[in-house]
Number of protein chains: 2
Amino acid sequence: MKTRVLSGLIMLPLLVILYLGGYVLFGACLLIGIMGVWEFYNGFRKMGVHPNFLLACLAAVTLYIINLTTDKYEWYMLWFFGAVLLSLLYLFNIEHRKLEDAMATITGIFYVVFFSFHVTLVDQTGPYSLLVWLIVITAFGTDIMAYFSGYLLGKHKLCPKISPKKTIEGSVGGILGSVILSGLFGYFFMPDILIHCLVIGLLGGIVSQFGDLTASIFKRKMGIKDYGNLIPGHGGILDRFDSVLFTGPMVYYYIVLVIGYMP
Amino acid sequence: MKTRVLSGLIMLPLLVILYLGGYVLFGACLLIGIMGVWEFYNGFRKMGVHPNFLLACLAAVTLYIINLTTDKYEWYMLWFFGAVLLSLLYLFNIEHRKLEDAMATITGIFYVVFFSFHVTLVDQTGPYSLLVWLIVITAFGTDIMAYFSGYLLGKHKLCPKISPKKTIEGSVGGILGSVILSGLFGYFFMPDILIHCLVIGLLGGIVSQFGDLTASIFKRKMGIKDYGNLIPGHGGILDRFDSVLFTGPMVYYYIVLVIGYMP
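Residues numbered from 1 in each chain as written. Chains lettered and ligands numbered in written order. Predicted model: local features only at pLDDT ≥ 70, side-chain atom pairs only at ≥ 80, totals over all residues. Heavy atoms only, no water.

This brings us to the overall build of chain A. Across its full length, chain A carries 11 helices and 0 strands. Going residue by residue from the N terminus, the α and β elements of chain A occur as α-α-α-α-α-α-α-α-α-α-α. On the principal axes, the C-alpha backbone points of chain A span a range of 55 × 45 × 30 Å. Buried positions account for 57% of the 263 residues belonging to chain A. Mean positive and mean negative side-chain charge positions of chain A (17 and 14 charges, respectively) differ by 12 Å. (Helix = DSSP H or I, 4+ residues; strand = E, 2+ residues; numbered from the N terminus. Buried < 20%, exposed > 50% of the residue type's maximum accessible area, 1.4 Å probe, protein only. Lys, Arg positive; Asp, Glu negative; His and termini not counted. Charge placed at Lys NZ, Arg CZ, Asp CG, Glu CD.)

Turning our eyes to something else, we now look at the side chain of A:Asp242. Residue and element names in this part refer to chain A. One can find Asp-242 in the loop between helix 10 (237-241) and helix 11 (244-259). Here Asp-242 occupies a buried position and makes no salt bridge, while the nearest side chain of opposite charge, Lys-219, is found at 4.7 Å. When near neighbours in sequence (up to four residues on either side) are disregarded, Asp-242 contacts Gly-211, Asp-212 and Ala-215. (Salt bridge = Lys/Arg side-chain N within 4 Å of Asp/Glu carboxyl O. Contact = heavy atoms within 4.5 Å.)

The next thing to look at is the environment of A:Pro263. All names here are of chain A. The topology assignment puts Pro-263 in the segment after helix 11. Taking the relative accessible area as the measure of exposure, Pro-263 reaches 76% and is therefore exposed. Residues Pro-263 and Asp-71, 192 residues apart in the sequence, show an inter-C-alpha distance of 9.7 Å.

Right, let's get into the confidence of the model for chain A. This prediction gives chain A a mean pLDDT of 93; 95% of its residues lie at or above 70. Per the prediction output, this complex has pTM 0.94; the corresponding ipTM is 0.94. (pLDDT = per-residue confidence, 0-100.)

Rotating chain B by 180° and translating it 0.0 Å along the rotation axis places it on chain A, where the RMSD comes to 0.0 Å. The superposition of one copy onto the other is thereby described by a two-fold rotation axis. In terms of C-alpha distance to the rotation axis, chain B has B:Met103 as its closest residue, with the C-alpha 2.8 Å off the axis. When you check the interface residues of chain B against chain A, 98% turn up at the interface there too, and the contact is symmetric in its surfaces. (Least-squares fit on C-alpha atoms with pLDDT ≥ 70 in both.)

Right, let's talk about the interface of chain B and chain A for a bit. Taken together, the contacts link 54 residues of chain B with 53 residues of chain A. Between chain B and chain A, the buried area comes to about 5100 Å², and carbon and sulfur atoms account for 83% of it. At the junction of chain B with chain A, the criterion picks out 2 salt bridges. With its nearest N and O atoms 3.1 Å apart, the salt bridge here joins A:Glu95 to B:Lys161. Linking chain B to chain A there are 12 residue pairs in polar contact (both at pLDDT 80 or more). A total of 12 residues in the side of chain B that touches chain A trace back to one element, the largest contributor, which is helix 6 (residues 99-123) of chain B. Per-class residue counts for the side of chain B that touches chain A are 42 nonpolar, 3 polar and 9 charged. (Buried area = accessible area lost by both parts, 1.4 Å probe. Polar contact = N/O pair within 3.5 Å; in protein donor to acceptor, adjacent residues only side chain to side chain. Nonpolar A, V, L, I, M, F, W, Y, C, P; charged D, E, K, R; others polar.)

Our next topic: the pairing of strand 2 (residues 163-167) of chain B. Regular strands have side chains that alternate between both faces of the sheet. Residue and element names in this part refer to chain B. As paired strands, strand 1 (residues 157-159) and strand 2 are joined by 2 bridges and run antiparallel to one another. Opposite Lys-157, over in strand 2, you have Thr-167 as the bridge partner. Hairpin connection of strand 1 to strand 2: 3 residues between the antiparallel strands. (Pairing = 2+ DSSP bridges.)

This part covers the pattern of salt bridges. All names here are of chain B. This model, assessed by the stated rule, comprises 10 salt bridges over all chains. A salt bridge links Asp-239 to Lys-219; the nearest nitrogen and oxygen atoms lie 2.6 Å apart. Placement of Asp-239 in helix 10 (residues 237-241) and of Lys-219 in helix 9 (residues 194-222) is noted, with a sequence separation of 20 residues between them. Here Asp-239 and Lys-219 have matching classes, each one buried. Across the pair Lys-225 and Asp-226 runs a salt bridge whose closest N-O atoms are separated by 3.8 Å.

All right, on to helix 6 (residues 99-123) of chain A then. The first and last C-alpha atoms of helix 6 of chain A sit 36 Å apart over 25 residues, in line with the 36 Å expected at 1.5 Å per residue. The element helix 6 of chain A is largely enclosed, with a buried count of 25 among its 25 residues. (Expected span 1.5 Å × (residues − 1).)

Counting residues in hydrophobic clusters, the biggest one holds 173 residues, and the most contacted among them are A:Phe110, A:Phe114, A:Leu131, B:Phe110, B:Phe114 and B:Leu131. Apart from residues lying up to four places away in sequence, B:Leu131 is in contact with B:Val122, B:Met190, B:Ile193, B:Cys197, B:Ile200, B:Val251, B:Ile255 and B:Ile259. (Core = buried A, V, L, I, M, F, W, Y, C linked by side-chain atoms within 4.5 Å.)

A separate point is the environment of B:Gly235. Residue and element names in this part refer to chain B. Within the fold, Gly-235 resides in the loop between helix 9 and helix 10. Considered as a pair, Gly-235 and Asp-71 are 164 residues apart in the sequence and their alpha carbons are 37 Å apart. If we skip the residues at most four places from it in the chain, Gly-235 touches Asp-226, Gly-228, Asn-229 and Leu-230.

What follows is about the environment of B:Tyr76. Residues and elements named next belong to chain B. Within the fold, Tyr-76 resides in helix 5 (residues 74-89). Judged by relative accessible area, which is 7%, Tyr-76 ranks as buried. With 152 residues separating them along the chain, Tyr-76 and Gly-228 place their C-alpha atoms 30 Å apart. Looking at Tyr-76, its side chain comes within polar contact range of the side chain of Asn-67, at 3.2 Å.

Below, the structure is given as structure tokens:
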């Protein structure tokens, strides 16, 4: 419990980054993407799988450069193609590579780098850029509220094989917490789209738990407890941001496809 | 040799499909993508890896529906996100899934379905749609010319560990053949952009061999000789179209990013 509260405090710099937005957030997302994929690939190395970290760095930097320099969407398509293509060419050193090495490279680039990139995209949605806060409010709000409601009320196991401590009561409490916190955010900061904030809160409460459980599955299969040990006792970057990987895209697609924002 | 010539004849329906273009080509690409990913996943099953074929079908159909119904590129971004997301959720049945099952699902969707989808995209480039012919001319032209020049002149092995029969002489002959055939095509059908046709011929001669070798690596690692046995003696769909997976995107990105076509 103490650890969990402390780890909340350590997230304070994040608030500054979100408040500043723009290039600061842009740089932070790129950095978190690269550090995240490093941790992700470390997990694979423990399984004897060797993804290409340099390639993931190249993919990350290229993706952010495309975002910075062009609005021709075909460059993004080319980025997807190129990321898969280069990962496959990595297999040409056939004696020293397994198919898993290329597949893990591809998975890491998309799951960590591309997913986290959506936080930057949300920050670039003009009048809706403030919704970038809901990415973290839903992610961390769900996590904290699920923890407390599970702690106080938890009786029925949610998915013991993936994450033995999680309960259905905690899960429901997390979703409710996410809705309430997102509603409060909307009420005070974006009252015109309060309803949208509540819906994002509901969706965020659900997808952030899927993000958390997905990371648990990876770690379980990799045979590790945490992705890293960046801040002693608080795990790695990916342990902190596993839910953000899912709530970031959710908020972005909600803005462009449900609210209908056009750049 | 006889097999190779016969297999050329069997490609004749392809010429009709390319000539008709439009919905016929659209449907053929979707079908080839789905059949291809089926063969690809069969190879994985031989390794004890179990990708989710139904998910790949869903991804393929969704991709083509997006192409048909919207020109908002964010839907393509959502498609990428969704394909990766659903593949990861496939792991939630944690006792019966390996990480490889999800990673192979992702790889198949992008490598087979997304790569082959570019053939349709080329067909939709208005004044440049005729260049769809260069996708197959470079792919099959390189293959055939590499075979004959390797047969007649081949002395130095190209990459014996991946494909023991291929020679440097064959590879160079393949590239030259691709340039010549593409040049002839440009001269007769698109004289205004003859230079572009020659450049595409050169690039196609190179990337189609990478496509061929990539498929060889997969098959070697999977422990299979051919991906399938659709037409007895001629292998499966993917054995036929392994180079097209690479020349399709190459021609598309050449049109939109080098020639600068805007829809």
